[in-house]
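Residue-level listing of the chains:
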Amino acid sequence: MAGHAMNKARMLLTLPCLALLAACNMGGGGNASSGDSVQGELVGARIGAPFTLTDQDGKPARWEDYKGQYRLVYFGYTYCPDVCPVDLQRIMQAFAQFEKAAPERAAQVQPILISVDPQRDTPAVLKTYVAAFHPRLVGLTGTPEQIAKVAKDFVVIYNKEGEPGMSDYLVGHSRTPYLFDPDGKPVALVPVDDPSTPKVDEGAPGTVLAFLEKWIK
């Protein structure tokens, strides 16, 4: 997702979700404020719903399959030229560090990438892509209709950019990596870098690691 597309998607996301996130009190990188020490900023928000998609092995994957596990959910796509791979790399680097520091707690977490580009992101394409970041990262895709419903249920906005029929295109989408608890309820937004604050790196692996240490019980 190119920078301008990401910023546009952020603006689009803000309008319909203002009431939902108004009480979140988040900084630019999506971190909880110091007042959220007990509950995450997304507790009580209506984000997420049951779904059935297809994983990178071509097998059905249901939201309830991950019941009992924390879920790190990132919406993106494999052909993204810049932001998605950087975000995923940093999040999964932090997760790998968390595995070493707290293996029992890390075992309770399932990282998930949900594609917003089902036209190109086949299971085979996703299989190669997710393996480059971490062996436990699951990649999910589906029909355009399935992805559209999941995106709506998870408060994610995306749109294909380019002329109709083009095979080389970008997909602008809102940048909202979520952490869900073992019951599938939203907890907080995973920290990612905010391009509007070039002197601050909100999505550094160390910051994401601290986030995991805070919320994964």
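Not measured: the values here are computed from a predicted model.

Conventions used here
Residues numbered from 1 in each chain as written. Predicted model: local features only at pLDDT ≥ 70, side-chain atom pairs only at ≥ 80, totals over all residues. Heavy atoms only, no water. Buried < 20%, exposed > 50% of the residue type's maximum accessible area, 1.4 Å probe, protein only. Helix = DSSP H or I, 4+ residues; strand = E, 2+ residues; numbered from the N terminus. Arc of directions from axis to C-beta. Contact = heavy atoms within 4.5 Å. Pairing = 2+ DSSP bridges. Axes fitted to C-alpha atoms, helices over the stretch in contact; angles between N-to-C directions. Phe/Tyr/Trp six-rings, centres within 6.5 Å; stacked < 30°, edge-to-face > 60°. Lys NZ or Arg CZ within 6 Å of the ring centre and 35° of its normal. Core = buried A, V, L, I, M, F, W, Y, C linked by side-chain atoms within 4.5 Å.

## Observations concerning helix α5 (residues 144-153)
Listed in full, the buried residues belonging to α5 are I147, V150, A151 and D153. End-on view of α5: buried residues confined to an arc of 165°, all on one side of the axis. The exposed residues of α5 that point more than 90 degrees off its buried face are P144, E145 and K152. Close packing links the buried residues of α5 with β1 (52-55), β3 (70-76), β4 (109-115), β5 (138-141) and β6 (158-161).

## Some remarks on the sheet that holds strand β8 (residues 178-180)
Pairing is mixed across the open sheet formed by seven strands, whose spatial order is β2-β1-β5-β4-β3-β8-β9. In this open sheet, the two edge strands, each paired with only one partner strand, are β2 (60-62) and β9 (186-189). For this sheet, the mean inter-axis angle between neighbouring strands, taken without regard to orientation, is 35°. This element, helix α2 (residues 83-101), spans β3 and β4 of the sheet and lies at about 165° to β3. Against the sheet, α5 engages β1, β3, β4 and β5, with an angle of about 115° to β1.

## Some details on the packing of aromatic side chains
Evaluated as defined, the whole model comprises eight aromatic pairs. Between F75 and F154 the ring centres are 5.8 Å apart and the planes differ by 55°, which places this aromatic pair in the tilted class. Taken as a pair, F75 in strand β3 and F154 in the loop between α5 and β6 lie far apart in primary sequence, 79 residues in all. Judged by its relative accessible area of 0%, F154 falls in the buried class. One aromatic cluster is present, formed by F51, W63, F75, F154, Y178 and F180 through successive ring pairs. For R120, the ring lying beneath its charged end belongs to Y169, and the centroid distance is 3.6 Å. Between the NZ or CZ atom of K160 and the centre of the ring of Y169, over which it lies, the distance is 4.5 Å.

## Observations regarding the nonpolar core
Membership of the largest hydrophobic core comes to 58 residues, with the highest contact counts inside it found for I114, L140, F154, Y178 and L179. Considering each element in turn, this core owes the most residues, eight residues, to α2. Apart from residues lying up to four places away in sequence, L179 is in contact with Y70, R71, L72, K185, P186, V187, A188, V190, F211, W215 and I216.

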